[in-house]
Amino acid sequence: MAEELLRPPKPTCLAGQDLPQPQDTVPRHRSMCSAAFAHKSPEQDFNSGYLRCLREAMHFLSYYEPKKETQVQLIKHFCRAQLGSDTSYSPALRSSPLSPCVLPRKQPAQKSLTAAPTLWRPCSGAAWARDLQQPGAAGTAPGEGGQRHQPEHQLGKGDVQGMAVSPPKHGRGGSLTKLAYYSTVQHKVARVRSFDHSGKDIENEPLYEISVQEEITARLHFIKFENTYIETCLDFIKDHLVNTETKVIKATGGGAYKFKDLIEKKLGLKVDKEDVMTCLIKGCNFVLRNIPHEVFAYQKDSDTEFRFQTNHPNIFPYLLVNIGSGVSIVKVETEDKFEWIGGSSIGGGTFWGLGALLTKTKKFDELLQLASKGQHTNVDMLVKDVYGGAYQTLGLSGNLIASSFGKSTTADKEFSKEDMAKSLLHMISNDIGQLACLYAKLHNLDKIYFGGFFIRGHPVTMRTITYSINFFSKGEVQALFLRHEGYLGAIGAFLKGAEQDNPNQYSWGENYAGSSGLMSTSPDVYPMQRTRSGTFDMLEMDRLERPLVNLPLLKDPSTYIPDTVDLTDDAMARKYWLTCFEEALDGVAKRAAASQPDSVDAQERAEKFRQKYWNKLQTLRQQPFAYGTLTVRSLLDTREHCLNEFNFPDPYSKVKQKENGIALKCFQSVIESLDSLGWEERQFALVKGLLAGNVFDWGAKAVSDVLESEPQFGFEEAKSKLQERPWLEDSYSQWLQRLKEGPPHKCALIFADNSGIDIILGVFPFVRELLSRGTEVILACNSGPALNDVTYSESLIVTERIAAMDPVIHSALRDEKLLLVQTGSSSPCLDLSRLDQGLAVLVRERNTDLVVIEGMGRAIHTNYYAALRCESLKLAVIKNSWLADRLGGKIFSVIFKYEVPCK
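Moving on: the overall build of the chain. Of regular secondary structure, the chain possesses 30 helices and 27 strands. Relative to its 903 residues, the chain shows a buried fraction of 61%. Considering only contacts within the chain whose residues lie at least 6 apart along the sequence, 78% involve residues at least 24 apart. For the chain, the exposed area adds up to about 35800 Å²; of that, 51% sits on carbon and sulfur atoms.

Let us now look at the pattern of salt bridges. On inspection of all chains with the given rule, the structure shows 45 salt bridges. Between Asp336 and Lys282 there is a salt bridge, with its nearest N and O atoms 3.8 Å apart. Of this pair, Asp336 sits in the loop between β11 (327–332) and β12 (338–344) while Lys282 sits in helix α10 (residues 276–290); the two residues are 54 residues apart in sequence, bridging distant segments of the chain. According to the relative accessible area criterion, Asp336 is exposed, its value standing at 62%. Among the ionic pairs, Asp789 bridges to Arg858, the shortest N-O distance being 2.9 Å. Of this pair, Asp789 sits in the loop between β22 (776–781) and α26 (792–805) while Arg858 sits in helix α29 (residues 856–859), and the two are 69 residues apart along the sequence.

So, about the packing of helix α21 (residues 679–693) against helix α24 (residues 732–741). Viewed as axis vectors pointing N to C, α21 and α24 meet at an angle of 130 degrees, and their least axial separation amounts to 11 Å. With respect to α24, the element α21 is oriented oblique. As for how α21 packs across α24, the hand of that crossing is right-handed. Two secondary-structure elements touch here, α21 through Trp679, Glu680, Gln683, Phe684 and Val687 and α24 through Tyr732, Trp735, Leu736, Leu739 and Lys740. In terms of residue class, the contact of α21 with α24 is made up of seven nonpolar, one polar and two charged.

Taking 1.5 Å per residue as the helical rise, helix α17 (residues 571–594) with its 24 residues ought to reach 34 Å, and the 35 Å between its terminal C-alpha atoms agrees with that figure. Its maximal kink placed at Leu585, α17 deviates by approximately 40 degrees. Listing the buried residues of α17 in full gives Ala573, Arg574, Trp577, Leu578, Phe581, Glu582, Leu585, Val588, Ala589, Ala592 and Ala593. Residues of α17 that are buried make contact with α18 (602–622), α19 (632–645) and α30 (881–886).

Rules used in this analysis
- Residues numbered from 1 in each chain as written.
- Predicted model: local features only at pLDDT ≥ 70, side-chain atom pairs only at ≥ 80, totals over all residues.
- Heavy atoms only, no water.
- Helix = DSSP H or I, 4+ residues; strand = E, 2+ residues; numbered from the N terminus.
- Buried < 20%, exposed > 50% of the residue type's maximum accessible area, 1.4 Å probe, protein only.
- Contact = heavy atoms within 4.5 Å.
- Areas by Shrake-Rupley, 256 points an atom, 1.4 Å probe, with all protein chains shown as cover.
- Salt bridge = Lys/Arg side-chain N within 4 Å of Asp/Glu carboxyl O.
- Axes fitted to C-alpha atoms, helices over the stretch in contact; angles between N-to-C directions.
- Parallel < 35°, antiparallel > 145°, perpendicular 65-115°, else oblique.
- Left-handed = near helix turned anticlockwise from the far one by under 90°.
- Nonpolar A, V, L, I, M, F, W, Y, C, P; charged D, E, K, R; others polar.
- Expected span 1.5 Å × (residues − 1).
- Bend = angle between axes of the 7 residues up to and from the residue.

Structural data, given as structure tokens:
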């Protein structure tokens, strides 16, 4: 029953990223993070402390203009103290921190370093927990709030690197300038820091310290506006964005020539005009790599017009059809290799010119508006007009156009402007579609991306081109469009200006809180939108700390779809979940304000958050495709982005701190109870403990209500809530048989969910059992906060405490049989196509053959259908009544899904 109700649509696959082959990454990291668990000598502590001081001093200096003399003196001073130090720490000197923003100043080009796995190997005492910043980590410490989407930001001095300016043609209805610039963004992150409890009574002491600190990271901004306002824009650039070292600005598009003198005069910069097609392709590659739901197909009669595609691990090769005044068709084979293979003089300019002559309408958008209301069959001669019906011999439908404008030669009447505009649009679009289709077949390509001012999100043009491609290719080739098509030139110009800093070495993520949404293009439903002359006003991209790649264990990355249910398709589910998030909003805002009791403006910021997220939800009710495919994951992520926008980096930090402390006090008694059981009885108790721990999810209203009203609700009470076997999804017997008869797994990758009872009393006993069987374990936790999910930095402190109590965990850490790693995510859900590169390298290195995914967000809302190349366990407790009912169960029904890949 659950399988049928959750079954996703057949996947269509497009953009993504391959995992680079590991080179010397892991060995280099091993030398940085010594595996020795024993206490170091005082001399080693002294030397490693000096290294940390040096690293922090250099990190501080990286925020400002380089003072070479000062840096040299600092290095000499600290290096003198390092003479004779343990060589295991020497790479800290060779791996200086990266700059906190992508382009803080002009620097010599550097080779891109492959990111090392983010592992925890213990150091002496409690010092390791206070020193989470790794050499080479950009901007922030990876486990300390790491990869966060930015808050309501304070811009530092930014730098404009790229502009795309449309030529100011009369009547276009507002030619557009697209501006690309970066800024350094100051925002707050939540950090945890271990207390030094040596020699103290820690019974009533907090487990760790929580602090909220300012941090600076990089953000890319892409803004679209009409050329009418270009002087105002240039004034803004001059006052706020031009770095003092910037001497040249990259510009592309016809307007770059027209406005060259104005730009140079206003900004005092030299305009370096870049090739339009080169910039378009660079921009296209960038969005295909970094925005998962960038590409969509247009469907005329669907409930939602846009059908978004999933990531493909390899974006190349593809055909780019740019429809401006004419048509250019370009084959793109690699990042830097592309070829103009054809084109046509019959393009957007032809439609505009002939349309103006036929209808006396001078504005392009008005011409399209006329076309949307016309009936081309009043003007065009159809096959049935010639043959009296379908032409069966050639298999031609009677409704196909036999001759565009064919009836104008025989009909003795005036044709309406609307009908002539529609006929003209069909004629141009069909010609372009057939040409693109022929080139795609000639070069054996199945991906065609359409762009240019002729498209610009207009439904009529997308509809006619889609029909044309489908007809001429017999459904083998699909017409694809881009959400951010209007920004490709500006993005490409920016990348050209930033080449020496190599922005492509990073992964980037769309900031939903600051980006405009893709609106419905139906002129009948949203008539005011056409005055905007495009589908996007603003796009913001945040630089992520580490490269994100596919999990190597995905069976087929090209068909992987993270989300289980597409809410853009499922109207009933969409209505429920949007209402659910609306009803929970007041509680989230209240929790956010309460998390910062000492802040005088916390209530005001919480209200601003509430209003912003409410507005996002109302937009999504009307335009569920605004940010790509609408899913429970995207709703959760948008909420997290909005919380960060108003400086609430971790509203549940105090809750997690308290629950972690309470759960640790129970750990030894839980282990003693498990060890007293027989083998088979213990296996079931371990699984039941995993499931009971997963009940403690503050993101589920049914649970949060209980936790707030019944403070004594604990581990045993959660067990009593669980559904009795047989469970809603029950593969436990097969799992037990595998443990009985099969060899121990080589390595298990476990994606943890919640803090407190979940990870400490649920996950760690399960980890301990696997370790006892001889299985290595990689424990993966979120890089940054989301709800009460455990973060990587919190897991470090929790693991240290457990290791002090349990010899099995202690030995596993010492021998590197248990490794802690960050996922690269700050979401309650899990996208296996965007994981930290270090995690992926480690999975390959350790020959991982078991993946365990727990929790509703990670195992039900996402990855329920994820197919892996190894054994997997997906387990969760359903804590939402509506979802449980839809799956044929009740609240607290259990999903236990053990899967073995087909050989």
